[in-house]
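Residues per chain are reported as follows:
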Amino acid sequence: MRPPPARAFVSQLIALTLLLLVFSGSLGLGAVWVRQEISGTANRSHALENRIADVERRLDEVNAEVAAALNPHSLLKQNLAMQLGLSSPNEIQVMRVDGSPELRLASKRNREVFNPVGSRAGAEGVNGAPYTFRIITASLR
Amino acid sequence: MSKGFASNRLTLLALGVVACFMGVGVRLVFLQVVDRDLLLKFVDKARRQIVVEHARRGTILDTHGNLLATSRSELTIAVDPWMLVDYLAEEKNEQRRARKRNEQEVRRAQFAALLGLPSAEVDAIFEPKMRPVSMDKDKRDGTPDGLVKDRWVKVKEGVDEPTFARIEQLNLQGVTFERVYRRVYPSDGLAAHVIGYLNKEGKPVTGAEHNFDLYLKGQDGWIESEKDGARRELAQFRSREVPVQDGNDVVLTIDSVIQHIIEDELKTIAAKFSPRFATIIASDPQTGAILGLANYPSFDLNNYSKAPVEAQRNYAITDRIEPGSTFKIVAVGAALNEGLVTPQTSFDCGSPTIEYKGRTIKLPKEDEVYGMLSVSDIVAHSSNRGAAQLAMLMGEDKFYEYARRFGFGQATKFQLGREVLGTLAPPSEWDGLTISRMPMGHSVDATPLQIHMAMSAVANGGALLRPQIIKEIRDSQGRVIRVFGPEKREQVIRPSTAALLAQLLTGVVRVGTAKGFDIPGFEVAGKTGTTQKLIDGKYVNNHHTGSFVGFFPASRPQVVLSVIVDDGHVTDGDRIAWGRKVAAPSFHHIAEQLIQYLEIKPVDSAPRGLLAMQGGVL
């Protein structure tokens, strides 16, 4: 077999060089694209961090204002300004009960509603005794 | 075209390409190897930056999570007047430039209104000026005349975030800002001595801010990255990053409502008696947790710089007073604990002298004339002579040992620090009269907190606890990372003795020195104390420290409360600031409120009023 002529070799070299250029160019462009994506993501992440910090700052601001509005001194001032007349009960005004006050209140209310002695005078049972009911809301048990 | 020419052309092209590559290679060698150090230095200077991220200081909360101290961002607004000049110079069209100038002037007026400044003042700030600099630094504008453009003129400090957001919306050219965190105290002066404050430099000065700074301050982070021409960070070039660690939150044992109740009462005391100082302490006897601690005079934490130094002192731990008759719990408790007496054991409290170790000792004066008194009467009527005889029964060494065990002369180990120890001299330093005077609370001094904790030991079965002011530490996410439990220092007396002494102390409000300050059904146990003040080495008749220290209910104590009024001025009666006059009414008033707030139930069926008797309507 005869060796290839010199210009064929040069042509191959040029073709290979061009191929190499295209390949390395593609790699370069790919790298640039990746860098661009990284850059975009980093900037978006940075913007989000700033936004979170901003929201946290505003939260702190609001929390401080809520705390200032809810401190006992401010509430008392509001009580006076709005003429609500709210005050702690005196010991003499307090009745302590054993058991659940909700059940007690429910029982009392039921008595008022269903006991005909006061509210439905005249309604009588079979033996002439007034109707009596004892209904306690199950959910309160 | 001949083949030879084509071949030469290809060869030339190949050589050209190779030459280009070689050129690039050579340049790269210069850039990357030969001039590397020089270029790196330049790049570092121009682009690299280290941004420090400041940690957010933790908050201080009360026991229910209410904010007592927090950090709020504030802005310092400044102006670069030259930026507006540059902005207008970019516009070549004369008409459009005039329109832009007008727009900026309108916005500037709005800017002034938002900051609450006169327009003329803001206009003057926006006037471009030069400022002098040293000649070696004058390289910025190309004219070495010792002047550079002044690009930072402060407009206003302490601008809040909402106002700044509105300023940003104005899009006014040249406005710059610097964000700083400032400590704010939403409750103003509430628990001022406990919370403490940060000074202008951000350094913690007193209170929890100072003592728990390690937990609160957090750790600054930093980012090493690069910046662009407009000095914005190029986030993609971050090379190293140490994340910021925000400070932890400190939860105190203080209850804001209780604190408010006692501070309100202190205002009443101040208005009525104008004392030198007054202290009220409330705590949970079972844990030693301080529920409220307040002093008069006090100050507003948000305006600490205007408060005098006296108002900033935490008198509860920094000032010593003679405990007076409140100290009698030591003599009585010790004698009962040693089994030397019972509540019924009687002593002659009418005789002015007594034989002790072969010597005749003059006993202290009584406020009233007594004869034979039982131990329970000695407590109820606060007999000085009775207390002296109880101490003599034990002897100096034993009495001193019990005084130490009750915590006198020792640090309470209060976590806010800076407390003074008080004075309790050992028996070797006593004179002949000390054994008769110390049991009534003379020749000894203590801080209000020491006296409070001694009474607390009686309330909780004889155990002396460390006063707790910190409940727990939470990280910035709200997770509890450390809990502070009760710390027992010493078992002072047996639980049975403590229970007996507690019952004896109920006699003080039923039949004794504070008669009438009982709360029916709630077994108030306490001890009045009145001591003449020692001025220039002499006890004087017109300056007193009055106190009432106690707890309730005696059979299952839930609150220990101390009211101490130093040098109160009483205008009626004998003009002496007795503990029953200046302190017991406040104790009673606070106790009534605490019973409601803490939902303390009565221990027995006390006689109730008409409304209570109608309780069946519920």
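Residues numbered from 1 in each chain as written. Chains lettered and ligands numbered in written order. Predicted model: local features only at pLDDT ≥ 70, side-chain atom pairs only at ≥ 80, totals over all residues.

### Regarding the overall build of chain A
Looking only at helices and strands, chain A features 4 helices and 0 strands. In chain A, the order of α-helices and β-strands from amino to carboxyl end is α-α-α-α. Here chain A, with 141 residues, has 3% of them falling under the buried criterion. (Helix = DSSP H or I, 4+ residues; strand = E, 2+ residues; numbered from the N terminus. Buried ≥ 20, exposed ≤ 12 C-beta atoms within 10 Å, placed from the backbone.)

### Thoughts on the overall build of chain B
If you tally the helices and strands in chain B, you get 21 helices and 24 strands. The C-alpha radius of gyration computed for chain B amounts to 37 Å, which surpasses the reference 25 Å derived for 618 residues by more than 25%, pointing to a less compact arrangement than a globule. Its C-alpha atoms give chain B principal-axis dimensions of about 145 × 65 × 55 Å. Put simply, chain B has 618 residues, and 41% of those count as buried. Within chain B, residue pairs in contact and separated by at least 24 positions form 70% of the contacts whose partners lie at least 6 positions apart. (Rg over C-alpha atoms; globule rule 2.2 N^0.38 Å. Contact = placed C-beta atoms within 7 Å.)

### With respect to the confidence of the model for chain A
All names here are of chain A. A residue-level look at chain A finds 77% of positions with pLDDT of 70 or above and a mean pLDDT of 80. Within chain A, the lowest mean pLDDT, 52, falls on helix 4 (residues 116–119), and the highest, 91, falls on helix 2 (residues 72–81). In this model residues 119–123 is a low-confidence stretch, pLDDT under 50, and it forms 4 contacts with partners more than four residues away in sequence or in other chains. (pLDDT = per-residue confidence, 0-100.)

### Considerations on the interface of chain A and chain B
With 33 residues of chain A at the contact, the number on the chain B side is 34 residues. Elements that contribute at least two residues to the side of chain A that touches chain B include exactly helix 1 (6–70) and helix 2 of chain A. It is helix 1 of chain A that contributes the most residues to the side of chain A that touches chain B, 21 residues altogether. Among the residues making up the side of chain A that touches chain B, the classes are represented as 14 nonpolar, 11 polar and 8 charged. (Nonpolar A, V, L, I, M, F, W, Y, C, P; charged D, E, K, R; others polar.)

### Brief notes about the pairing of strand 22 (residues 525–535) of chain B
Residue and element names in this part refer to chain B. Summarising the sheet, strand 22 and strand 23 (residues 538–552) pair through 10 bridges and their orientation is antiparallel. Pairing of Ala-525 across the sheet is with Phe-551, part of strand 23. Hairpin connection of strand 22 to strand 23: 2 residues between the antiparallel strands, including Asp-536 at a positive phi of 55 degrees. (Pairing = 2+ DSSP bridges.)

### Some points on the sheet that holds strand 22 of chain B
Sheet strands line up and pair through hydrogen bonds in the backbone, either parallel or antiparallel. Residues and elements named next belong to chain B. The strand order across the open sheet built from 5 strands is 13-12-24-23-22, with neighbouring strands paired in antiparallel fashion. With partners counted over all chains shown, the strands left at the sheet margins are strand 13 (290–296) and strand 22, one partner each. Sheet twist, expressed as the average angle between the axes of neighbouring strands with direction ignored, equals 10 degrees. Direction of pairing for strand 12 (residues 277–283) relative to strand 24 (residues 559–566): antiparallel, over a ladder of 7 bridges. When the bridges of strand 24 are listed, Ser-283 appears paired with Val-560. Contacts from helix 10 (residues 256–273) reach strand 12, strand 13 and strand 24 within the one sheet, and its direction differs from that of strand 13 by about 25 degrees. Running over the sheet, helix 17 (residues 448–459) touches strand 12, strand 23 and strand 24 and is turned about 150 degrees from strand 24. (Axes fitted to C-alpha atoms, helices over the stretch in contact; angles between N-to-C directions.)

### Some remarks on the confidence of the model for chain B
All names here are of chain B. The share of residues in chain B with pLDDT of 70 or more is 95%, and the mean pLDDT across the chain is 89. Highest mean pLDDT in chain B belongs to strand 11 (residues 249–252) (97); lowest belongs to helix 21 (residues 610–613) (38). Per-residue pLDDT stays below 50 along residues 606–618; that stretch engages in 13 contacts with residues further than four places along the chain or on separate chains. Interface confidence for the predicted complex, given as ipTM, is 0.73, next to a pTM of 0.80.

### What about the packing of helix 12 (residues 328–337) of chain B against helix 15 (residues 396–405) of chain B?
Residues and elements named next belong to chain B. Across the interface, helix 12 lies against helix 15 with an axial gap of 9 Å and an inter-helix angle of 115 degrees. Between helix 12 and helix 15, the interaxial angle falls into the category roughly perpendicular. As helix 12 runs across helix 15, the sense of the crossing is right-handed. Mapping the contact onto sequence places Val-330, Ala-331 and Ala-334 in helix 12 and Lys-398, Phe-399, Tyr-402 and Ala-403 in helix 15. When grouped by side-chain class, the residues that make up the contact of helix 12 with helix 15 number 6 nonpolar, no polar and 1 charged. (Parallel < 35°, antiparallel > 145°, perpendicular 65-115°, else oblique. Left-handed = near helix turned anticlockwise from the far one by under 90°.)

### A closer look at the environment of B:Pro439
All names here are of chain B. Structurally, Pro-439 can be placed in the loop between helix 16 (434–437) and helix 17. By C-beta crowding, Pro-439 is classed as buried, having 31 other C-beta atoms within 10 Å. The spacing of Pro-439 and Leu-424 is 15 residues in sequence and 12 Å in space, taken between C-alpha atoms. Once residues lying within four places of it in the same chain are set aside, the contact partners of Pro-439 are Phe-327, Lys-328, Ala-331, Ala-387, Ala-388, Leu-390 and Ala-391.

### Observations concerning the nonpolar core
Within the largest apolar cluster, 134 residues are counted, with the highest numbers of intra-cluster contacts made by B:Ile195, B:Val250, B:Leu252, B:Val332, B:Ala391 and B:Leu501. Of all hydrophobic cores here, the second largest spans 9 residues; its members include B:Ile77, B:Val79, B:Ile125 and B:Phe126. (Core = buried A, V, L, I, M, F, W, Y, C linked by C-beta atoms within 7 Å.)

### Some points on the packing of helix 12 of chain B against helix 18 (residues 495–510) of chain B
Residues and elements named next belong to chain B. The geometry of helix 12 relative to helix 18 is characterised by a closest axis approach of 10 Å and an angle of 135 degrees between their N-to-C directions. Judged on the interaxial angle alone, helix 18 and helix 12 are oblique. Helix 18 is crossed by helix 12, and the crossing has right-handed handedness. Across from Ile-329, Val-332, Gly-333, Leu-336 and Asn-337 in helix 12, the residues of helix 18 making contact are Thr-497, Leu-500, Leu-501 and Leu-504. Taken together, the residues of the contact of helix 12 with helix 18 break down into 6 nonpolar, 3 polar and no charged.

### A closer look at helix 6 (residues 161–170) of chain B
Since the α-helix turns once every 3.6 residues, residues separated by three or four places project in the same direction. The element helix 6 of chain B is largely exposed, with a buried count of 1 among its 10 residues. One or two steps after helix 6 of chain B, the chain reaches B:Asn171, where phi turns positive at roughly 55 degrees.

### What about unusual backbone geometry?
Residue and element names in this part refer to chain B. Cis geometry is found at the peptide bond from Tyr-296 to Pro-297, where omega equals 0 degrees. Structurally, Pro-297 can be placed in the loop between strand 13 and helix 11 (315–318). The phi dihedral of Asp-188 is positive, around 55 degrees, even though this residue is not glycine. Within the secondary structure layout, Asp-188 lies in the loop between strand 7 (175–184) and helix 7 (192–195). The backbone of Asp-567 shows a phi angle near 55 degrees, a positive value even though the residue is not glycine. In this structure, Asp-567 sits in the loop between strand 24 and helix 19 (579–582).

### Observations regarding the environment of B:Glu396
All names here are of chain B. Along the polypeptide, Glu-396 turns up in helix 15. Glu-396 gets classed as partly exposed once you count the C-beta atoms within 10 Å, which come to 17. Sequence separation of Glu-396 and Arg-179 is 217 residues, and the distance between their C-alpha atoms is 64 Å. Each residue touching Glu-396, except ones within four places of it in the same chain, is listed here: Pro-427, Trp-430 and Ile-435.

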